[in-house]
Amino acid sequence: MGSKNNPKNRGAAAVEKIFDGKKVKPVLYVGSNVGHGRYIAAQDEGGKLVNDAGGRPVAWRDI
């Protein structure tokens, strides 16, 4: 088995997600000041949050 920190041993959790043709990674979004709450959102490789049509960051679980 090896180390739990080895990415090859992580299974489905280590699969990269793609949104609109770009690789995305999970980040913590804290939007409490604007009424959005706090959740894991998607960020592209350039460092920008991925937004939906309404301008709200897309939740990681929705990708």
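Each chain carries its own residue numbering, running from 1 in the direction its sequence is written. Local features in a predicted model are, by the rule used here, given only for residues with pLDDT of at least 70; side-chain atom pairs are given and counted only at 80 or more, and totals for whole chains, interfaces and linings are based on all residues. Side-chain calculation: all heavy atoms of the structure are included, whereas hydrogens and water are not.

Where do I start with the sheet that holds strand β2 (residues 22-31) in this structure?
Two strands form a pair only when DSSP identifies at least two bridges running between them. A run of H or I in DSSP becomes a helix once it reaches four residues, and a run of E becomes a strand once it reaches two; helices and strands are each numbered from the N terminus. The three strands are arranged β1-β2-β3 in an open sheet whose pairing can be described as antiparallel. The sheet is open, and its two borders are formed by β1 (17-19) and β3 (37-44), each paired with just one other strand. Across this sheet, the average inter-strand angle for adjacent strands is 55°, counted without regard to direction. The pairing of β1 with β2 spans three bridges and is classified as antiparallel. Its bridge partner lying in β2, Ile18 is registered against Lys23. Every axis in this analysis is a line fitted to C-alpha atoms, fitted for helices over the stretch in contact. Angles between the N-to-C directions lie between 0 and 180 degrees.

Is there a simple way to explain the pairing of β3 in this structure?
Each regular strand shows side chains that alternate between the opposite faces of the sheet. By the bridge criterion, eight bridges tie β2 to β3 in an arrangement that is antiparallel. Residue pairing in the sheet places Tyr29 in a bridge with Tyr39 of β3.

So what exactly am I meant to see when it comes to unusual backbone geometry here?
Across the chain, the bulk of peptide bonds are trans and the bulk of non-glycine residues have phi less than zero. The residue Asp20 is not glycine, and still its phi comes out positive at about 55°. Mapping Asp20 onto the fold places it in the loop between β1 and β2. Look at Asp20 and you get exposed, because its relative accessible area is 70%. Throughout this description, buried means an accessible area under 20% of the type-specific maximum (1.4 Å probe, protein chains only), exposed means over 50%, and partly exposed covers the range between.

Structural measurements only, silent on function.
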